[in-house]
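Observations on the three-dimensional arrangement
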Amino acid sequence: MTLSVDVVPDQDRKGPGRPRSARVDEAIVEAVFELLRSGQSADAISIEAVAAKAGVGKATIYRRWPNKEALLIDAVTAMKGPLPELAGESVRDDLVTLIAAMRNKRMTDYGKVTACLMPELYRNPEMTRVHQAVSEPRREMMRTVLRRGIETGELRADLDIEMMLLALSGPTLAQNMLRWNPNVPDEHFAENLVDFVLRGARA
């Protein structure tokens, strides 16, 4: 699904002390996503193209971001969205919640954007660092759930937590970005993946 970008008139020529418009910020970041979804690489995207897509002037963008790289970094941050809330009662249910949060319509759409950003993440250490930093809170949430499972005896005491993160997150990202295995149904994906992985992790 492609989200549309509402053109936002460039009303950001503000006087001293006036806060900048959050709506304009969102329109600029969404314009980056639209350009990536349309098939443009991160390298090919220009500030001019983003400004035209968002319906703002280049100066409006440069008042917010010093360069394109800074804008892309903020776009990566915006893709992740808020952390999900966990019930904290069942390891299985909390893991399903975390995986489902990565598989909702919004994240599946942004998975395509991430795929377009992969060359930039590969070449640019700063972009990679930021992407890792943005992803880390979600990884730590999953670690916390797994550690709790070990402590309560739900999971094996010798469980390799980092490999479990990879086993749960890797297939999710592959399906989001590449639809790697079209024979795996989207319906109940989170439940099926968690149950599959937990078969080898339970105490």
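Refer to the structure printed above.
Presented here is an overview of the structure given in this document. (Residues numbered from 1 in each chain as written. Predicted model: local features only at pLDDT ≥ 70, side-chain atom pairs only at ≥ 80, totals over all residues. Heavy atoms only, no water.)

1. What to know about the overall build of the protein
- Helix and strand counts for the protein come out as 9 helices and 0 strands.
- Relative to its full complement of 203 residues, the protein shows a buried share of 41%.
- In the protein, the proportion of contacts linking residues at least 24 apart, taken out of those at least 6 apart, comes to 70%.
- Summed over all atoms, the accessible surface of the protein reaches about 11100 Å², with 56% contributed by carbon and sulfur. (Helix = DSSP H or I, 4+ residues; strand = E, 2+ residues; numbered from the N terminus. Buried < 20%, exposed > 50% of the residue type's maximum accessible area, 1.4 Å probe, protein only. Contact = heavy atoms within 4.5 Å. Areas by Shrake-Rupley, 256 points an atom, 1.4 Å probe, with all protein chains shown as cover.)

2. Points about the side chain of S169
- Relative to the helices and strands, S169 resides in helix α8 (residues 161–178).
- Discounting residues that sit within four places of it in the chain, S169 has contacts with M102 and M142.

3. Let's talk about the nonpolar core
- One finds I28, V50, I61, L71 and L117 to be the most contacted residues of the largest nonpolar core, which totals 30 residues.
- When contributions to this core are tallied by element, the ones reaching two or more residues are α1 (22–37), α2 (47–54), α4 (68–80), α6 (105–123) and α7 (125–152).
- The greatest single-element share of this core, amounting to 8 residues, is contributed by α1.
- Beyond its immediate stretch of four places on either side in the chain, I28 contacts V50, A54, V56, T60, I61, R64, W65 and L71.
- V91, L95, M142 and L155 belong to the second-largest nonpolar core, a separate cluster that totals 23 residues. (Core = buried A, V, L, I, M, F, W, Y, C linked by side-chain atoms within 4.5 Å.)

4. Remarks on the packing of aromatic side chains
- Within this structure, the stated rule accounts for 0 aromatic pairs.
- Over the ring of F189 we find R103; its NZ or CZ atom is 4.6 Å from the centre of that ring. (Phe/Tyr/Trp six-rings, centres within 6.5 Å; stacked < 30°, edge-to-face > 60°. Lys NZ or Arg CZ within 6 Å of the ring centre and 35° of its normal.)

5. Some details on unusual backbone geometry
- At H188, a residue that is not glycine, the phi angle is positive and equals roughly 60 degrees.
- Examined against the element boundaries, H188 turns out to sit in the loop between α8 and α9 (189–198).
- For H188, a relative accessible area of 47% corresponds to the partly exposed category.

6. What about α2?
- Buried within α2 are the following residues: I47, V50, A51 and A54. Buried positions in α2, seen along its axis, are confined to an arc of 100 degrees and lie on one side of it.
- At its buried positions, α2 is contacted by α1, α3 (58–64) and α4.
- The positive-phi residue at the C-terminal boundary of α2 is G55, with phi of around 75 degrees. (Arc of directions from axis to C-beta.)

7. Observations concerning α8
- Spanning 18 residues, α8 covers 25 Å between terminal C-alpha atoms, matching the ideal 26 Å at 1.5 Å per step.
- The sharpest bend along α8 reaches about 25 degrees and sits at S169, with the proline P171 one to four residues further on.
- By the N-cap criterion, in which a side-chain oxygen at the helix start approaches the backbone nitrogen of a residue two or three places on, α8 is capped by D160, the distance to E162 being 3.2 Å.
- Looking one or two residues beyond α8, the residue adopting positive phi is R179, at roughly 45 degrees. (Expected span 1.5 Å × (residues − 1). Bend = angle between axes of the 7 residues up to and from the residue. Polar contact = N/O pair within 3.5 Å; in protein donor to acceptor, adjacent residues only side chain to side chain.)

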